[in-house]
Amino acid sequence: QVQLVESGGGLVQAGGSLRLSCAASGRTFSSYAMGWFRQAPGKEREFVAAISWSGSRTYYADSVKGRFTISRDNAKNTVYLQMNSLKPEDTAVYYCAGGRGPFIATIEYYDWGQGTQVTVSS
């Protein structure tokens, strides 16, 4: 099992930026993909972004495309989510996840972090 720990959440004003980090420890695989999900109060958890092991392929939810950027540094076993032009609608608990699958859009996630709170004020 891979342990995932998110960090970097906090309170920002609308239009601001924030970078989330997810540190992974334990055993991983060359095909280990990573993703970010979020869950707002009273809402279902939703997919945000995903990245392949090599970082060559990324996939974003339409709601964040053009504003968020996912990246990873395998030497540090860390995945990042750079969030720009933040909106109040982005307020949620953000979760890091890892898994495997043949396509970036259909990853089966089986490792999850504890979540980090992101609050965007209007």
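To be clear, the structure that these remarks concern was listed above.
Criteria and thresholds
Within each chain, residues carry numbers counting from 1 in the order of the written sequence. Totals for whole chains, interfaces and linings use all residues, but because this is a predicted model, local features are given only for residues with pLDDT of at least 70 and pairs of side-chain atoms are given and counted only at 80 or more. To get the side-chain values, all heavy atoms of the structure are used, and hydrogens and water are removed first. The secondary structure listing takes helices from DSSP runs of H or I that are at least 4 residues long and strands from runs of E that are at least 2 residues long, numbered from the N terminus. Throughout, a contact is declared for two residues whenever any of their heavy atoms are within 4.5 Å. Computed with the Shrake-Rupley method and a 1.4 Å probe, the accessible areas treat only the protein chains shown as cover for residues. The cut-offs for exposure are 20% and 50% of the maximum accessible area for each residue type, with area from a 1.4 Å probe on protein chains only; residues under the lower value are buried, those over the upper are exposed, and the others partly exposed. Any two strands with at least two DSSP bridges between them are considered paired. Only buried residues count toward a nonpolar core. Its members are Ala, Val, Leu, Ile, Met, Phe, Trp, Tyr and Cys residues joined through side-chain atoms within 4.5 Å.

**Some remarks on the overall build of the protein**
Counting its regular elements, the protein contains zero helices and 11 strands. Along the protein, helices (α) and strands (β) appear in the sequence β-β-β-β-β-β-β-β-β-β-β when read from the amino end. For the protein, the proportion of contacts with a sequence separation of at least 24, taken over those separated by at least 6, is 56%. With an accessible surface of roughly 6400 Å², the protein has 48% of that area assigned to carbon and sulfur atoms.

**Details of the pairing of strand E7 (residues 68–73)**
Only one face of E7 is covered, namely the face carrying Phe68, Ile70 and Arg72; the face carrying Thr69, Ser71 and Asp73 is uncovered. Judged from the six bridges that link them, E7 and strand E8 (residues 78–83) form a sheet pairing that is antiparallel. Bridge pairing in E8 places Thr69 opposite Gln82. Hairpin remark: E7 followed by E8, antiparallel, with four residues in the connecting loop; positive phi at Asn77, about 50 degrees.

**So, the environment of Met34**
With respect to the secondary-structure elements, Met34 resides in strand E4 (residues 33–39). Judged by relative accessible area, Met34 falls into the buried class, the value being 3%. Between the C-alpha atom of Met34 and that of Gly99, which follows or precedes it by 65 residues, the distance is 6.4 Å. With sequence-adjacent residues up to four places away left out, Met34 is seen in contact with Leu4, Cys22, Ala49, Ala50, Ile51, Ile70, Arg72, Val79, Cys96, Ala97, Gly98 and Tyr109.

**Digging into the nonpolar core**
Within the largest apolar cluster, 27 residues are counted, with the highest numbers of intra-cluster contacts made by Trp36, Leu81, Met83 and Tyr94. Mapped by element, the contributors of at least two residues to this core are strand E1 (2–7), strand E3 (18–26), E4, strand E5 (46–51), E7, E8, strand E9 (92–100) and strand E11 (116–121). With four residues, E3 is the largest single contributor of residues to this core. When near neighbours in sequence (up to four residues on either side) are disregarded, Met83 contacts Gly16, Ser17, Leu18, Leu20, Arg67, Phe68, Tyr94 and Val118.

As far as function goes, none of this settles anything; it's purely spatial.
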